[in-house]
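# What the coordinates show
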Amino acid sequence: MRLPTLAAVSAELNQLLTALPGIIVLVEENGTVLYVSPPAVPLSLVRGDRLRSSRLRKFIADAQALGQPASREWDLKRGEERDDFIVHASPFSDGSLLLTFDDVSEAKRLDAVRRDFVANVSHELKTPVSALSLLAEAVAEAAEDPDAVRHFTSRMKAEAQRLAVLVGDLLDLSLLSHEGLRAIDPIEVDSFVLTATDAVSQIAQNRRVQVVVSGERGLVIYGDREQLVMAVRNLLTNAVGYSPEGGVVTLTVTRNGDYVEIGVSDQGEGIPEEALTRIFERFFRVDPGRSRQTGGTGLGLAIVKHVCANHGGDCVAESVVGEGSTFTLRLPVFIDPAGLFDDPDDDEESPVAPATARTEGIQL
Ligand code: ADP
């Protein structure tokens with residue numbers, strides 16, 4: 001398609017229009033299109049030297065007749081999709097008119113995500129809050145029966161704990177998505193893996209699940225220790241929680257090129273293929289009942305996803321229903337900048353590649 005060019009407009013206007021970013025169309029008083037900016041091309045707004053849409057032609061004609069700027073929202077086809085735009089028409093005194101198109105699809109999508117999130121949070125908070133209120137009534141009614149009071153108050157404690165975990169996860173998620181990395185230090189993988197495995201040792205013991213750590217030792221990555229502990233702990237908590245009693249969870253550390261890979265595998269029920277693409281979404285659960293039973297908030301993997309993104313890495317989930325799942329964190333390995341200037345012949349002192357060793361599994 002040949003674009004209308006700026007041959008018909010003055011040199012100054014030519015310069016001005018080509019300097020403007022975004023989707024712009026300049027139309028003459030008689031409706032002839034004088035200029036279409038390159039980003040407007042995928043919208044196929046123009047046929048020959050006329051605007052293709054009769055609705056758009058009418059909108060322009062009305063603005064020209066009134067001699068007043070006008071705006072309206074419009075959804076336009078761009079390739080296979082329809083996107084939302086605010087179209088502004090600015091008529092000039094000579095009858096020509098400038099059309100500009102603001103793409104508001106992403107803002108609308110984010111708005112919908114935000115609304116969904118608020119609705120989900122409210123729903124998630126409502127459950128324990130309603131339970132607490134009912135339990136408080138039950139305690140009041142059972143005031144004369146100490147056993148019943150003990151029973152109801154212990155359930156109140158469990159609901160309050162659930163609320164605290166949910167609020168904690170929400171705060172973590174909010175900080176992770178807004179603040180990025182709070183600290184950036186070289187961190188030994190062994191050290192944060194150990195802290196994370198320690199944190200799940202009690203629930204693993206309760207479920208008689210063995211957690212086995214193996215792989216390369218002495219690897220270092222660059223990042224925020226607290227966030228890294230959080231990510232590995234969440235993967236281990238899921239692996240243990242979704243394992244059968246007496247199952248084995250393996251955490252394996254490997255170096256793969258410029259990345260350190262931390263894989264957490266379980267022998268649980270696995271995740272169906274159609275759910276696998278959604279499990280990193282906030283509040284998505286394959287089986288909501290099962291998730292609540294394991295004390296899950298539905299936010300653990302969303303937190304993992306943010307931690308990986310903050311560190312310039314990612315997390316891969318693989319699963320076979322009936323056999324188990326493996327979640328692999330891929331995080332850029334730390335390369336000491338001082339090492340870049342070392343004498344390459346001086347192997348002994350070089351800090352570029354930290355010493356690594358393969359270990360037998362450490363049973364926790
Ligand atoms: P939750 O707190 O519910 O565990 P997550 O965000 O950590 O939330 O996980 C989302 C969902 O992904 C879980 O509800 C569960 O359905 C599924 N899932 C996560 N890890 C595993 C796993 N290791 N085995 C089976 N399902 C899992």
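Just above, that's the structure.
Remember, predicted model here, so these are calculated numbers, not experimental data.

### Section: the pairing of strand E7 (residues 97-103)
In this structure, strand E1 (residues 23-27) lies alongside E7, joined through 5 bridges in antiparallel fashion. Of the residues in E7, the one forming a bridge with Ile-23 is Phe-101. In this structure, strand E6 (residues 81-91) lies alongside E7, joined through 7 bridges in antiparallel fashion. Bridge pairing in E7 links Ser-90 to Leu-98. Where E6 hands over to E7, the hairpin turn is made up of 5 residues, of which Gly-95 adopts a positive phi near 95 degrees.

### Digging into the side chain of Asn-234
Structurally, Asn-234 is set in helix H6 (residues 225-241). The contacts of Asn-234, once residues within four sequence positions are left out, are Gly-300, Ile-303 and Val-304.

### As for the site of the ligand
Near the ligand you find 19 residues, and of these Asn-238, Asp-266, Ser-291, Thr-297 and Leu-301 are the closest. A distance of 2.8 Å separates a nitrogen atom of the ligand from a polar side-chain atom of Asp-266. A distance of 2.9 Å separates an oxygen atom of the ligand from a polar backbone atom of Val-286. Calculation on the ligand without its partners gives an accessible area of 530 Å², and the protein chains cover 96% of this total. More than half of the atoms belonging to the ligand lie within 2 Å of the grid points that define the largest pocket. Broken down by secondary-structure element, the contributors of at least two residues to the shell around the ligand are H6, helix H9 (300-310) and strand E14 (324-332). When its residues are assigned to classes, the shell around the ligand shows 9 nonpolar, 7 polar and 3 charged.

### Structural notes on the pairing of E14
In this structure, strand E12 (residues 259-265) lies alongside E14, joined through 7 bridges in antiparallel fashion. Looking at the pairing, Glu-261 lines up with Arg-330 of E14.

### Focus: the side chain of Glu-216
Secondary-structure assignment places Glu-216 in strand E9 (residues 210-217). A distance of 3.2 Å separates the side chain of Glu-216 from the backbone nitrogen of Arg-255, its partner in a polar contact.

### Notes on empty space enclosed by the protein
Scanning the entire structure with this criterion turns up 2 cavities of 30 Å³ or more. Taken as a whole, the largest cavity encloses approximately 90 Å³ of empty space. Glu-124, Pro-128, Arg-162, Leu-166, Arg-285, Arg-292, Gly-295, Gly-296 and Thr-297 are the residues that line the largest cavity. Only helix H3 (105-141) and helix H4 (146-179) provide two or more residues apiece to the lining of the largest cavity. Residue composition of the lining of the largest cavity, grouped by class: 2 nonpolar, 3 polar and 4 charged.

Definitions and cut-offs
- Every chain's residues receive numbers from 1 upward, in the order its sequence appears when written.
- Restriction of local features to residues with pLDDT of at least 70 applies here, the model being predicted, together with a cutoff of 80 or more for giving and counting side-chain atom pairs; totals for whole chains, interfaces and linings are based on all residues.
- As a convention, hydrogens and water are excluded, and side-chain values are obtained from all of the structure's heavy atoms.
- Here, strands pair whenever DSSP counts at least two bridges between them.
- Note on conventions: DSSP H or I runs of at least 4 residues are helices, E runs of at least 2 residues are strands, and numbering of each starts at the N terminus.
- Whether two residues are in contact is decided by their heavy atoms, any of which lying within 4.5 Å being enough.
- The cutoff for a nearby residue is simple: one of its non-hydrogen atoms must lie within 4 Å of the molecule or strand.
- Within 3.5 Å is the distance limit for a polar contact, defined as a pair of N or O atoms, with the added protein rule that one can donate a hydrogen and the other accept it, and that residues adjacent in sequence qualify only through two side-chain atoms.
- Per-residue and other accessible areas follow the Shrake-Rupley method at a 1.4 Å probe size, with only the shown protein chains counted as cover for residues.
- Think of a 1 Å grid over the protein atoms and nothing else: a 1.4 Å probe that fits but is trapped marks a cavity, an open set flanked by protein within 12 Å on at least five of seven lines marks a pocket, and residues with an atom within 4 Å of a point count as lining.
- Any molecule with more than half of its atoms within 2 Å of a cavity's or pocket's grid points is regarded as sitting in that cavity or pocket.
- Side-chain classes follow a simple rule in which Ala, Val, Leu, Ile, Met, Phe, Trp, Tyr, Cys and Pro form the nonpolar group, Asp, Glu, Lys and Arg form the charged group, and the remainder, Gly included, forms the polar group.
- Grid points are joined across faces, edges and corners, and a volume is the space filled by probe spheres set on the points.

Function-wise, these values are silent; they only describe arrangement.
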